[in-house]
Amino acid sequence: MQGSSRVASAEQQRVIVDEFWSLFPDTVEATGTDPSHFVYEGGAIYTAERIAERDLDYRLCSDDVDGTSLYMLSALVRDTSQRNSKEEYKQKVQKMRDLWESWGYEVQGRGPHSEGAEIVMYTDSGTRVSYLATVSGERISVDTACVLSK
């Protein structure tokens, strides 16, 4: 489904949305960092209540060939409250890689960067999850495929 430009069926959309709302908090929790240290792009603090309420807006990402608007769910949170040594951020990334692989996902490395390392995985439905650990904190990004309708 990755790279699709057609709206998914109602059943596929339900699976994609449920997957997003499972992977996002599970990845945050798996960091071992206090979840309240994570902040969304707009400055809001990550909370369990917001996750339980599925409190994120759908983002317009494309128009289908027949004029139907397509949407995605997207979340990016950062924690900049910590300082990690090179060894610490490498351990954090390896821990996340091991977890994702235990969930059955193929994990791709995207780094190391000069002061951090990043890994990415894709689900069968096209959801992309990225985890970055650096000397100055962590970042998690989760994006569904652009196949949702409102």
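Further up the page is the structure itself.
Residues numbered from 1 in each chain as written. Predicted model: local features only at pLDDT ≥ 70, side-chain atom pairs only at ≥ 80, totals over all residues. Heavy atoms only, no water.

Participant: Explanation requested: the nonpolar core in the structure shown.
Facilitator: Nonpolar side chains tend to gather and get buried jointly when the protein is soluble and globular. Of all hydrophobic cores here, the largest spans 34 residues; its most connected members are Phe20, Trp21, Phe24, Tyr46, Val77, Trp100 and Tyr131. Secondary structure elements with two or more residues in this core: helix 1 (10-30), strand 4 (74-79), helix 3 (86-102), strand 6 (116-122), strand 7 (128-134) and strand 8 (137-143). For this core, the element with the most residues is helix 1, which contributes 8 residues. Dropping the residues within four chain positions of it, Trp100 is found in contact with Thr27, Tyr105, Val107, Ile119, Val120, Met121, Val129, Ser130 and Tyr131. (Core = buried A, V, L, I, M, F, W, Y, C linked by side-chain atoms within 4.5 Å. Buried < 20%, exposed > 50% of the residue type's maximum accessible area, 1.4 Å probe, protein only. Helix = DSSP H or I, 4+ residues; strand = E, 2+ residues; numbered from the N terminus. Contact = heavy atoms within 4.5 Å.)

Participant: Teacher, can you tell me more about the sheet that holds strand 7 here?
Facilitator: Strand pairs in the sheet, formed through backbone hydrogen bonds, run parallel or antiparallel to each other. Overall, antiparallel pairing links the 6 strands, which are arranged 1-4-8-7-6-5 in an open sheet. Strands with a single pairing partner mark the edges of an open sheet, and in this sheet they are strand 1 (39-40) and strand 5 (107-109). The strands touched by helix 1 within the sheet are strand 1, strand 4, strand 6, strand 7 and strand 8, with strand 4 carrying the most contacts at an inclination of about 5°. Helix 3 contacts strand 5, strand 6, strand 7 and strand 8 of the sheet and is inclined by roughly 160° relative to strand 7. (Pairing = 2+ DSSP bridges. Axes fitted to C-alpha atoms, helices over the stretch in contact; angles between N-to-C directions.)

Participant: Help me out: how do you make sense of the packing of aromatic side chains in this one?
Facilitator: Two aromatic rings, taken as a pair, are described by how far apart their centres are and by the angle between their planes. Under the definition given, this model contains 5 aromatic pairs. Ring centres 5.0 Å apart and planes at 85° place the aromatic pair Phe20 and Trp21 in the edge-to-face group. There is no split in this pair, since Phe20 and Trp21 are both buried. On the basis of an interplanar angle of 85° and a centroid distance of 5.6 Å, the ring pair of Phe24 and Tyr46 is categorised as edge-to-face. Of this pair, Phe24 sits in helix 1 while Tyr46 sits in the loop between strand 1 and helix 2 (48-52); the two residues are 22 residues apart in sequence, bridging distant segments of the chain. (Phe/Tyr/Trp six-rings, centres within 6.5 Å; stacked < 30°, edge-to-face > 60°.)

Participant: How do you make sense of the side chain of Asp143 when you look at a structure like this?
Facilitator: Tracing the backbone shows Asp143 in strand 8. Nearest to the buried, unbridged Asp143 among oppositely charged side chains is Arg128, at 4.1 Å. A polar atom in the side chain of Asp143 sits 2.4 Å from the side chain of Ser74. Separated by 3.3 Å, the side chains of Asp143 and Ser141 make a polar contact. With sequence-adjacent residues up to four places away left out, Asp143 is seen in contact with Met72, Leu73, Ser74, Ala75, Gly126, Thr127 and Arg128. (Lys, Arg positive; Asp, Glu negative; His and termini not counted. Salt bridge = Lys/Arg side-chain N within 4 Å of Asp/Glu carboxyl O. Polar contact = N/O pair within 3.5 Å; in protein donor to acceptor, adjacent residues only side chain to side chain.)

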